[in-house]
Amino acid sequence: MKNKKEKNIYIDLFITFFKLGLFTLGGGMAMIPILEDIVVKKKNWLTQDEATDCIAISQSLPGVIAINMATYVGRFKKGLLGSLVATIGVILPSFIVIMLVSTILSDIRDNSYVNGAFVGLKAAAVGMIVWAVVKIGKGVFNDIMSGIIGIASFIAIWVFNVSVIYVVLITCLIGIAYIKNSERGKVK
Amino acid sequence: MIIYLQLFLIFFRIGIFGFGGGMAMLPLMYQGISFFGLMTKEEFADLVAISQVTPGPIAVNAATFAGFSVSGIAGAFFATLGVAIPAFILVNIVFEFVKRFRESILVKGIFKGVRPATVAMIAVAAVIMGESTFVQTNTMQWIPIAMCAISVFMVGKLKLSPILVFAIMGGIGVVVCG
């Protein structure tokens with residue numbers, strides 16, 4: 001009986017994350033509120049506090065946010081194997097859908113109507129990215145320091161073609177130095 | 001064999017150094033892809049558009065697309081594996097000391113320093129995409145530029161869902177540019 005129940009949890013984890021991957025449009029950011037709703041309210045897998053931890057960690061770690069969340073919830077629920085099952089679940093729909101779309105596209109990409117559609121899709125894609133800059137930028141650029149880091153990073157990557165990896169490492173060090181400095185100020 | 005290793009490496013780096021979600025990872029992805037000369041800027045723009053209109057995490061979609069178009073199913077497998085492994089390991093390690101990690105100076109530093117940089121990375125992604133979409137054979141393409149501006153208006157001011165905006169713009173593209 002117990003054995004059967006445990007098996008069901010793995011299947012449940014897999015199906016839950018498979019559905020999340022298959023039905024969420026708009027990437028990992030769009031998944032956050034949906035997943036929160038599922039794991040806290042529908043499944044009762046995590047309490048609200050635990051879900052808040054999960055989201056905070058998934059966003060502060062590098063890597064794909066959706067994979068971070070799947071690994072975390074799976075690990076929380078059923079250890080290492082649980083995290084593996086949930087992660088595969090969230091990846092698999094993308095893997096299958098993208099290969100299908102690519103296979104179909106490779107035959108028709110040169111068709112003039114398809115090409116026309118792509119002009120529109122790409123223009124809209126740039127629009128979504130521009131809007132993300134505005135929306136996220138509003139929340140982030142709230143002091144001079146953030147503004148300088150943002151502009152300097154843009155120039156470094158775009159004008160001087162500096163590797164994004166260096167930009168990440170350097171801005172992380174700057175952030176740590178800033179925090180250490182301001183904490184020291186508080187003590188005094 | 002080498003191509004699989006290259007794909008794995010490009011996307012493994014994203015798993016380790018990619019902060020701020022799928023859009024912010026695009027410049028890092030582009031740098032890796034152009035370093036090994038795997039795709040043109042136009043193909044990369046296709047990748048970005050497709051990754052956004054299909055369901056699932058943008059970075060996983062992008063990894064599968066890049067891998068598949070460069071070297072088939074095995075390519076897709078190694079690219080996707082590359083992007084997933086670091087997250088899988090890191091989360092499992094951090095899981096052991098959640099509270100300490102959340103209050104650590106590293107996390108605060110990332111929040112203070114890297115977050116503003118991720119906005120810059122998203123902006124670079126817009127410029128990379130814009131270059132191949134708005135400029136062709138050295139002439140400005142005004143129709144896509146207008147479509148982009150209308151898209152920003154629709155999603156920003158009218159609060160339409162992104163996928164609806166994609167559908168509308170794709171449709172207009174077929175009629176106007178097809």
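This structure is a prediction, so every number in the text was calculated from the model and none was measured. (Residues numbered from 1 in each chain as written. Chains lettered and ligands numbered in written order. Predicted model: local features only at pLDDT ≥ 70, side-chain atom pairs only at ≥ 80, totals over all residues.)

Within chain B, the regular secondary structure consists of eight helices and two strands. Element order for chain B, N to C, with α for helix and β for strand: α-α-α-α-α-α-β-β-α-α. A total of 178 residues make up chain B; the buried ones form 57% of that total. (Helix = DSSP H or I, 4+ residues; strand = E, 2+ residues; numbered from the N terminus. Buried ≥ 20, exposed ≤ 12 C-beta atoms within 10 Å, placed from the backbone.)

For chain A, the helix and strand inventory stands at seven helices and zero strands. Helices (α) and strands (β) of chain A occur, in sequence order from the N terminus, as α-α-α-α-α-α-α. Radius of gyration (C-alpha) of chain A: 21 Å, far over the 16 Å computed for a compact globule of 188 residues. In terms of overall dimensions, chain A has C-alpha extents of about 60 × 60 × 25 Å along its principal axes. Within chain A, counting contacts between residues at least 6 apart in sequence, those at least 24 apart form 46% of the total. (Rg over C-alpha atoms; globule rule 2.2 N^0.38 Å. Contact = placed C-beta atoms within 7 Å.)

Let us look at helix α8 (residues 162-177) of chain B. Every α-helix winds through 3.6 residues per turn, so residues three or four apart in the chain are directed the same way. Residues and elements named next belong to chain B. Under the 1.5 Å per step criterion, the end-to-end length of α8 is 21 Å for 16 residues, consistent within 8% with the ideal 22 Å. Taken together, the buried positions of α8 are P162, V165, F166, M169, G170, I172 and G173. For α8, the arc enclosing every buried residue in end-on projection is 170°, short of the 170-degree limit, so these residues lie on one face. Residues of α8 that are exposed and angled more than 90 degrees away from the buried face: L164 and V175. (Expected span 1.5 Å × (residues − 1). Arc of directions from axis to C-beta.)

Residues and elements named next belong to chain B. It is the contact of helix α2 (residues 22-35) with helix α6 (residues 105-134), at a shortest axis distance of 7 Å, that shows an interaxial angle of 65°. Seen along the crossing, α2 lies across α6 with a hand that is left-handed. Residues M23, A24, L26, P27 and Y30 of α2 form the contact with α6, whose own contacting residues are T118, M121, I122, V124, A125 and I128. Along the lines of polarity and charge, the residues of the contact of α2 with α6 split into ten nonpolar, one polar and no charged. (Axes fitted to C-alpha atoms, helices over the stretch in contact; angles between N-to-C directions. Left-handed = near helix turned anticlockwise from the far one by under 90°. Nonpolar A, V, L, I, M, F, W, Y, C, P; charged D, E, K, R; others polar.)

This paragraph deals with the interface of chain B and chain A. Listed by partner, the interface residues are 91 residues for chain B and 81 residues for chain A. Every element with two or more residues in the side of chain B that touches chain A is listed here: α1 (2-17), α2, α3 (41-53), α4 (58-94), α5 (98-102), α6, α7 (142-156) and α8 of chain B. The element best represented in the side of chain B that touches chain A is α6(B), accounting for 25 residues. Residue composition of the side of chain B that touches chain A, by class: 63 nonpolar, 22 polar and six charged.

Take the packing of α3(B) against α4(B) next. Any two packed helices are characterised by how steeply their axes cross, that is the angle between the axes, and by the distance between the axes. All names here are of chain B. It is the contact of α3 with α4, at a shortest axis distance of 9 Å, that shows an interaxial angle of 135°. One element, α3, and the other, α4, form an angle in the oblique class. α3 and α4 meet at a crossing whose hand is right-handed. On the side of α3, the interface is formed by E43, L47, I50, S51 and Q52, while α4 contributes I58, N61, A62, F65, A66 and S69. Among the residues forming the contact of α3 with α4, the class breakdown is six nonpolar, four polar and one charged. (Parallel < 35°, antiparallel > 145°, perpendicular 65-115°, else oblique.)

With that out of the way, let us pick up the environment of B:I128. All names here are of chain B. Tracing the backbone through its elements, the reader meets I128 in helix α6. I128 sits in the buried class, given 24 other C-beta atoms within 10 Å. Each C-alpha atom, one on I128 and one on P57, is 20 Å from the other, the two residues being 71 residues apart in sequence. With residues near it in sequence (within four places) discarded, I128 still touches P27 and Y30.

Right, let's talk about the confidence of the model for chain A for a bit. Looking at chain A, the pLDDT average stands at 92 and 95% of residues meet or exceed 70. Across chain A, the element-wise mean pLDDT spans from 84 in helix α1 (residues 2-23) of chain A up to 96 in helix α6 (residues 144-159) of chain A. (pLDDT = per-residue confidence, 0-100.)

The next thing to look at is the nonpolar core. The biggest cluster of nonpolar side chains holds 120 residues, and the ones touching the most others in it are A:V73, A:I129, B:I122 and B:A125. At 19 residues, α4(B) tops the list of elements feeding residues into this core. What A:I129 contacts, discounting residues up to four positions off in sequence, is B:M23, B:I122, B:A125, B:A126 and B:M129. (Core = buried A, V, L, I, M, F, W, Y, C linked by C-beta atoms within 7 Å.)

Moving on, we get to the environment of B:G67. All names here are of chain B. Considering the arrangement of structural elements, one finds G67 in helix α4. Linking G67 and I168, residues 101 residues apart in sequence, is a C-alpha distance of 29 Å. Residues contacting G67, with those up to four places away along its chain left out, are L7, G75, A76, F77, F78, A79 and T80.

So, about unusual backbone geometry. Even without being glycine, A:N44 reaches a positive phi, approximately 55°. Position of A:N44 among the secondary structure elements: in the loop between α2 (27-42) and α3 (48-60). Its 8 C-beta neighbours within 10 Å are what place A:N44 among the exposed residues. Not every positive phi belongs to a glycine, and B:K159 is a case in point at roughly 60°. If you trace the backbone, B:K159 turns up in the loop between α7 and α8. Accessibility expressed as a C-beta count within 10 Å gives 7 for B:K159, which makes it exposed.

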